[in-house]
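Single-letter residue listing:
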Amino acid sequence: MFITPDVTFARSPPPQAVLDKRWLWYVMLTVLAATFVLRILGLDMAGALLSGLMLCFGMIMTRDWMQEMGKYALIYAMLCTLNFLFDLLPLITEIGGRMSHAISDTSDASRLSSTTWAPFIDPKLGLVYNAQSVSMVLSPIAMALGIYLSFSAHVEIARFTAPRWDADPNEVGLAFPMPLAQAIAAD
């Protein structure tokens, strides 16, 4: 079961396996911060807001030696998965080159539509264009790393806080339904 009361409300230091990956969390947060800055430079305010929220959420999870990790790891994994999918689609469609459409009015009251193709990264197109391109690459990387880290943290914390099945059923408490606990105790 993914969500158990023990895992969702635990506020204690996570297992050592989670703490050992703390440096990877900092790498992910650094990539998210770079994505946030690049999206602001690329004038993508909606993307910057999303990257900023994920960055703040990640910082909340990693502060105080990751004591909040048990509460938020699964939610963060789901949010990273959604962001990864929505960031990957534009990257796949534009990795070979980006197209831009321009419509201009002519003197005889007609409109002229033009489509131009440009490489994915082109120094001649300026800072805004290239910041958008680099942020399109960095965001799925950060989200994929976030999926891996948060889901593995959730699994490890669930394993660490789960009741031990070799324990006496009466000591486990509500982990077993009462008739099953009595049947096991009778054996």
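For the structure itself, consult the block above.
Residues numbered from 1 in each chain as written. Predicted model: local features only at pLDDT ≥ 70, side-chain atom pairs only at ≥ 80, totals over all residues. Heavy atoms only, no water.

Asker: Would you mind showing me how to read the pattern of salt bridges here?
Answerer: Side chains that carry opposite charge are capable of pairing whenever their charged atoms lie near each other. Tallied over the entire structure, the rule returns five salt bridges. Here Arg39 and Asp87 are joined by a salt bridge, their closest N and O atoms 3.3 Å apart. Of the two residues, Arg39 sits in helix α3 (residues 22–41) while Asp87 sits in helix α5 (residues 69–94), which places them 48 residues apart along the sequence. One exposure class covers both Arg39 and Asp87, and it is buried. Ionic pairing is found between Lys71 and Glu68, a salt bridge with its closest N-O pair at 3.5 Å. (Salt bridge = Lys/Arg side-chain N within 4 Å of Asp/Glu carboxyl O. Helix = DSSP H or I, 4+ residues; strand = E, 2+ residues; numbered from the N terminus. Buried < 20%, exposed > 50% of the residue type's maximum accessible area, 1.4 Å probe, protein only.)

Asker: Please explain the packing of aromatic side chains as it appears in this structure.
Answerer: The geometry of two aromatic rings is summed up by the distance between their centres and the angle between their planes. On inspection of all chains with the given rule, the structure shows three aromatic pairs. Taking the centre distance of 5.4 Å and the plane angle of 70° together, the rings of Phe57 and Tyr72 count as edge-to-face. Here Tyr72 lies in helix α5 and Phe57 lies in helix α4 (residues 45–66), a separation of 15 residues in the sequence. When its relative accessible area of 18% is taken as the criterion, Phe57 is described as buried. Note on Tyr72: relative accessible area 25%, which makes it partly exposed. An aromatic cluster is defined as three or more aromatic residues linked by ring pairs; in this entry it consists of Trp25, Phe57, Tyr72 and Tyr76. (Phe/Tyr/Trp six-rings, centres within 6.5 Å; stacked < 30°, edge-to-face > 60°.)

Asker: I tried to follow the pairing of strand β1 (residues 98–105) on my own but got confused; where do I start?
Answerer: The side chains of a regular strand alternate, residue by residue, between the two faces of the sheet. Sheet topology note: the β1/strand β2 (residues 111–118) ladder contains eight bridges and is antiparallel. Across the sheet, residue Ser104 finds its bridge partner in β2, namely Leu112. Counted along the chain from β1 to the antiparallel partner β2, the turn is five residues long, and its residue Ala109 has a positive phi close to 65°. (Pairing = 2+ DSSP bridges.)

Asker: I would appreciate a short explanation of the packing of α3 against α5 in the present structure.
Answerer: Geometrically, a packed helix pair is captured by the angle between its two axes and the distance between the axes. Where α3 meets α5, the closest approach of the two axes is 15 Å, and the angle between their N-to-C directions is 45°. With respect to α5, the element α3 is oriented oblique. Crossing hand, α3 versus α5: left-handed. For the pair α3 and α5, the contacting residues are Trp25, Met28, Leu32 and Arg39 in the first and Met69, Tyr76 and Asp87 in the second. Split by residue class, the contact of α3 with α5 holds five nonpolar, no polar and two charged. (Axes fitted to C-alpha atoms, helices over the stretch in contact; angles between N-to-C directions. Parallel < 35°, antiparallel > 145°, perpendicular 65-115°, else oblique. Left-handed = near helix turned anticlockwise from the far one by under 90°. Contact = heavy atoms within 4.5 Å. Nonpolar A, V, L, I, M, F, W, Y, C, P; charged D, E, K, R; others polar.)

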